[in-house]
Amino acid sequence: MIRAALSAAAAASDADVPVGAVVFDADGVELARAANAREAAADPTAHAEILALRAAARVHGDGWRLEGATLAVTLEPCTMCAGALVLARVKRVVFGAWEPKTGAVGSLWDVVRDRRLTHRPEVRGGVLEHECAAILESFFQEQR
């Protein structure tokens, strides 16, 4: 699943941080994929996770609920994305690189495991962590 997210990240524009996200249904069938597009779309909410969740919700058949779905993403989700995947009722989140500055799935915050919420997805972080971190490191080195 993270390999699919890495492939999705490659579609990011040269100006966007190369993060990729893919949503799979309960049977492991890909529903949607997206890359970060904040710069390309001039939209602060155009994170890969948000775009993939929106697209998956359109094709899943239940509107906005993605029950049973897995979100695979190359970078630990931020607070906005963590909140969105909780609200979409995603069953499981799998991510690659940890994000100690803005991560909200265990690093800086742990939004998805807050016991006050009515839905808490399973989390698996650090999958293909070095590969996911490498594409980010390369991007930021080129930016400097």
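Quick summary incoming for the structure in this document. In this text the structure is predicted, and so the values were computed from the model without any measurement.

### Digging into the pairing of strand 3 (residues 70-75)
Of all six residues in strand 3, six are buried; the element is thus mostly enclosed. Relative to strand 3, strand 1 (residues 20-24) runs antiparallel, the two sharing four bridges. Opposite Val23, over in strand 3, you have Leu71 as the bridge partner. Relative to strand 4 (residues 92-97), strand 3 runs parallel, the two being bridged by five bridges.

### Considerations on helix 5 (residues 129-143)
Taking 1.5 Å per residue as the helical rise, helix 5 with its 15 residues ought to reach 21 Å, and the 21 Å between its terminal C-alpha atoms agrees with that figure. Residues of helix 5 that are buried in the fold lie against helix 1 (2-9), strand 3 and strand 4.

### Some details on the sheet that holds strand 4
With respect to topology, five strands assemble into an open sheet ordered 2-1-3-4-5, the strand pairing being mixed. The open sheet has two edge strands with one neighbour each: strand 2 (30-35) and strand 5 (122-124). Between one strand axis and the next, the sheet turns through 15 degrees on average, direction left out of account. Pairing between strand 4 and strand 5: three bridges, direction parallel. Along strand 5, the bridge assignment pairs Val94 with Arg124. Each of strand 1, strand 2, strand 3 and strand 4 is contacted by helix 1, which is oriented at about 135 degrees to strand 1, the strand it contacts most. Sitting on the sheet, helix 3 (residues 48-60) touches strand 1, strand 2 and strand 3, and the angle it makes with strand 2 is about 150 degrees.

### What about the pairing of strand 2?
Regular strands place side chains that alternate from one sheet face to the opposite one. Across five bridges, the pairing between strand 1 and strand 2 is antiparallel. In the sheet register, Gly20 faces strand 2, and the bridge partner there is Ala35. Hairpin connection of strand 1 to strand 2: five residues between the antiparallel strands, including Gly28 at a positive phi of 85 degrees.

### Quick look at the packing of aromatic side chains
For the structure on display, the rule yields two aromatic pairs. Consider the rings of Phe95 and Trp98, whose centres lie 4.8 Å apart with planes at 85 degrees: the pair is edge-to-face. We classify Phe95 as buried; its relative accessible area is 0%. Aromatic pair Phe139 and Phe140: ring centres 5.0 Å apart, planes at 80 degrees, arrangement edge-to-face. In this structure Phe139 comes out as buried when scored by relative accessible area, which is 10%.

Rules and cut-offs
- Residues numbered from 1 in each chain as written.
- Predicted model: local features only at pLDDT ≥ 70, side-chain atom pairs only at ≥ 80, totals over all residues.
- Heavy atoms only, no water.
- Buried < 20%, exposed > 50% of the residue type's maximum accessible area, 1.4 Å probe, protein only.
- Helix = DSSP H or I, 4+ residues; strand = E, 2+ residues; numbered from the N terminus.
- Pairing = 2+ DSSP bridges.
- Expected span 1.5 Å × (residues − 1).
- Contact = heavy atoms within 4.5 Å.
- Axes fitted to C-alpha atoms, helices over the stretch in contact; angles between N-to-C directions.
- Phe/Tyr/Trp six-rings, centres within 6.5 Å; stacked < 30°, edge-to-face > 60°.

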